[in-house]
Amino acid sequence: MSVIAILFPPLAAAALVWLPFRRGWVPAVTVLSCLIVLGLAARISWRIAAGGSVTDTLDPAWSNWIAVDGLSALILLLIALVGTTAAIYSVGYMAHGNPRPRRLRLYHASYNLFVFSMLAIPLAAEPTVVWIVVELTTLCSALLVSFENTREALEAAWKYVVLSLMGAGIALFGFLVLFASLHAGGGGAYTWTGLVAAAPGMPALPTQVAFLLILIGLGTKVGLVPMHTWLPDAHSQAPSPVCALLSGIETTSILYVILRLFPVMQAVPGAHANTWALVLGLISVGTAAFLLLQVTDYKRLFAFSTVEHMGIILTAIGLGASAADYGAMQQIVSHSVTKSFCFFAAGATLLTVGTREIAAVRELIGRAPAASAALLFGGLAIAGAPPLAVFLSEFAILKAGLAQGRYIATGLLALFIVIAFFGVMGHLNRMVFGAPANAAPEPDGADLREAQGYRLPFTCKLALILAAVPVLVLGVYVPEPLHELLQHAAAALTR
Amino acid sequence: MSDATRQLIENLNALATGLFLLTAFGIVAMRQARGCLHLFIAQSLLLAASAALLGLRFDSGHLYGVALVNLVSKPIIVPWLLRRTAPAEIYTRREIDQALNIPTALTIALALAIGAYFLGVPLANALGPEHEGPNVPIGIAGLALGAFTLTVRREAMPLLIGLLAMENGAFLAGISIARELPVLVELAIATDGLIIVFIVGVLVRAVEQRIGTTAVGELASLREAPAKRGAQEAMP
C-alpha cells in the first residue's frame, strides 16, 4: 500500500459530485470517500504505532517529498476522523433549507478539496510544498466559510482570506530564509528530517529570523493572539460541519507545521524557541479566557475556546519536557474530537432555534432536550470537566509543568483554564436552564420552528453520537495503540 | 565573465530592485484601483528582470525559469483572471477615504523600508558573501509594504494587489538567497498566486452582489459588542 493513496479518495470525490446523480447521492460520495480515508489513516497510524514504516515501499526518489512519522500519522488520523464525522453531519445539516443542487455540489466539492489539502500537510516532507498546501487549505475553505452567502459570512470569509494570506506571505519568506540557512550550513535535503540533521551547522541569526517569521505567519492561521482577530468570525459564520473542520483540525494541522521547527531550533544556540512558544501560548490562553466571558454568540464562544486550546498546546510545548510534549499531543487529540462535537452541538441548537445569539436562547432544555444535552455535554467536555478527554490531557500538561518546577507558567495556565471553564459553562448554563428575560423577544424563525416541532435529522444525531464516543473513551483511558502513537509523536518534537 | 560585465549586471540589478521599491511605495499610495494593478504589473516585470539578471550573473537556469514564470503569470494571467471573476466595478473605483491620509501612509512606509534595510543587510551577510546586494533588504521592504497596504486600504483591488505584492517581495529576496529551490516548487507557488486571484475575485463578486460595495475593508459588523437590541432593552 502506498501512503499517497490516501490523497486520492477526496480528489476523486471532488470530481464525482459533479456527475449527474440524484442529489441524494452527492453527500453519500463525500461520506464514502471520508470513510476510505479514515480506513487508510487508521492503517498508517497502526503501523507507525507498532514501530513500523509506511514509506519503505516508496521509490527513494519520493523520500524528499513524502515522509510520515508519528506526528504526521497522528495528524492524518485526526483529519480523517473529524472529516468523517463532519461529512456524516453535513448530510442532514446541509439538507436543511433545501439548497439548490448546484450549490450542494459546490459545497461537497469544496469540502473534499479542503480535506485533500489538509491531508497533504502532514504527508509533505518539503517545507515549501507544505507552505503551498497550507495556502490551499485557506483557498479551498474560503468558499465554505462564505457558503451561507449572508453579509456576515462574506465579511468573515474576506477577513479569513486576507489575514491568512498575509500570514502566509510572511511565512513564505520565512521558509525561503530557512532554505538559505540550510544551504549556508552545508546543505542537505530540504525536508523536515534534513533540517533536523543539518541544524547544528546552520547560521544562528537567519535560522532564528526564519523561525520567527514562520511562527508569526502561520500563527496567524492557527489563531494565536494577537493575530487571532479573524478566527472567531470565520469559525462562527461557516456552516457548522465546516466549523468543526476549521476549529477541530485545520488549526491543529497548521500548528503541526510550526511544531516541526522545534527540533530544528533546539540545535540553534540562543534561539529560545520554547520561550517564544510559552509566551505566545500563555498570551493566547489568557486573552481567549477573558474574551470568552463577554461573547454574545454561542458559535463564537466555541471559536474563542479554539484560540484558548491552541494556546494551551503551545504552552505545553514551551514547557519543554518530554512529559509536557506527550501532554501536548494528548491535548491535540482531545481538542480535535471534543471541539468537533461542540460545533455539531452548536449546529443542532442553531437548527432548532434559528439564532446564534446567546441572549435569545433561554430554557432550551424544555424546547429541545437533545440539542440541550449535546450542548451541555460539549461545554463540559471542552471546558475540561472530568472524566472527559480534555480533562485528562490538561491534567497531564499541568502535572508535567509542576514536575518541571515551572510554577508561575503552570499556575497562570491553570488560572486561565479555570476562568475559561466558568466562561463557557456560564453562557451555556443560561442558554439551557436560564429563565427567559421578558425583554428579549424571540426571533420570528424561532417561533416558526418551535411550532412545527423541529426534529434533528437522523445523520446529525448519528454524527453527535459518533463524535461523543472518543470524548468519553479518552477521558477514561488512552488505548494502548494510541498511547504508542502519542509517544512516537511526542518523540518527533525533540532531537 | 569579465569584471566589467559583472559590474554592469550588478548595477542593472540595483536599478531594477530600486524601481521595484518605488512601485511598492506607489501601491501604498495610488488612489485609482486600475493604477494599482498597473503598478503591480510593473513590479512583477521588474522582479522578472532582476531574476534574469541574477540568472546571468550566477549562470543559473533556475532563475531564468523564475523570470519566465513571472513574465507569463502576473502581467498576462492575473488581469485576465480578474476580468473573468471579479466585477468590472473594482477597476473603476477611486479610493478617496483611506484609513490614513497619503502623506502619513508614505512616512510610515518609509520607516518600514528603513527598518527592512537594517534587518535585511545583517541577514544577507549571515547567509554568505554571495547574497549581498540590494535584493534581500528590498525584498523585505516589499514584503513589509505589501502588508502595510493591507492595513490601510479599503477597496478590494488594492487589497488583492497588497497580497500579491507581499509574495513579490518574498520572491525578490528569494531569488538571491534561495537560488537552488526546485523549479517545480516555483511553478507551484506561481499557480498558487493565480488561485488567490481567482478566489478573491469570486469573493469580491459575491460581496458586490450581496452588499453592493467593493470596499470590502469597511465591512465590520462582526465583533464582540453586545447585540444592539439586547443592550437597548436591558436598560429600562
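Residues numbered from 1 in each chain as written. Chains lettered and ligands numbered in written order. Predicted model: local features only at pLDDT ≥ 70, side-chain atom pairs only at ≥ 80, totals over all residues.

This part covers the nonpolar core. In this structure, V145, A157 and L176 of chain A are the most contacted members of the largest nonpolar core, which totals 290 residues. If sequence neighbours within four positions are ignored, V145 of chain A has contacts with A153, A156, A157, Y160, A234, Q237, A238 and V242 of chain A. (Core = buried A, V, L, I, M, F, W, Y, C linked by C-beta atoms within 7 Å. Buried ≥ 20, exposed ≤ 12 C-beta atoms within 10 Å, placed from the backbone. Contact = placed C-beta atoms within 7 Å.)

So, on to the interface of chain B and chain A. Each partner contributes residues to the interface: chain B has 43 residues there, and chain A has 43 residues. Among the elements that line the side of chain B that touches chain A, the one with the most residues is helix α8 (residues 183–211) of chain B, at 13 residues. For the side of chain B that touches chain A, the residue count by class is 32 nonpolar, five polar and six charged. (Helix = DSSP H or I, 4+ residues; strand = E, 2+ residues; numbered from the N terminus. Nonpolar A, V, L, I, M, F, W, Y, C, P; charged D, E, K, R; others polar.)

The next subject is unusual backbone geometry. Residue and element names in this part refer to chain A. Between V225 and P226 the backbone carries a cis peptide bond, its omega angle lying at 10 degrees. For the bond running from P386 to P387, omega is 0 degrees, close enough to zero to count as cis. Locating P387 in the fold gives a position in the loop between α16 (369–383) and α17 (389–403). Positive phi values are uncommon outside glycine, yet H272 reaches one of about 55 degrees.

Before going further, it helps to spend a moment on the packing of helix α10 (residues 240–259) of chain A against helix α13 (residues 298–319) of chain A. Residues and elements named next belong to chain A. For the pair α10 and α13, the least separation of the axes is 11 Å and the interaxial angle reads 20 degrees. With respect to their mutual orientation, α10 and α13 come out roughly parallel. Crossing geometry of α10 relative to α13 is assigned as right-handed. Contacts between α10 and α13 pair C243, S247, T251, L255 and L259 from the former with K299, F302, A303, T306, M310, I313 and I317 from the latter. (Axes fitted to C-alpha atoms, helices over the stretch in contact; angles between N-to-C directions. Parallel < 35°, antiparallel > 145°, perpendicular 65-115°, else oblique. Left-handed = near helix turned anticlockwise from the far one by under 90°.)

Moving on, we get to α13 of chain A. Residue and element names in this part refer to chain A. In this model α13 runs 32 Å from its N-terminal to its C-terminal C-alpha over 22 residues, within 8% of the 32 Å that 1.5 Å per residue would give. The element α13 is largely enclosed, with a buried count of 22 among its 22 residues. Where α13 ends, the next residue or the one after it, G320, has phi of about 70 degrees, a positive value. (Expected span 1.5 Å × (residues − 1).)

Residues and elements named next belong to chain B. Scored by pLDDT, chain B has a mean of 87; 94% of the residues are at 70 or more. Looking at the elements of chain B, mean pLDDT is at its lowest for helix α9 (residues 228–234), recorded as 37, and at its highest for helix α6 (residues 135–152), recorded as 95. The ipTM for the predicted assembly is 0.93, set against a pTM of 0.94. (pLDDT = per-residue confidence, 0-100.)

Residue and element names in this part refer to chain A. If you trace the backbone, A273 turns up in helix α12 (residues 273–293). Its 23 C-beta neighbours within 10 Å are what place A273 among the buried residues. Taking the C-alpha atoms as reference, A273 lies 8.8 Å from L261; in sequence the two are twelve residues apart. Excluding residues that lie within four positions of it along the chain, A273 makes contacts with F211, L261, F262 and M265.

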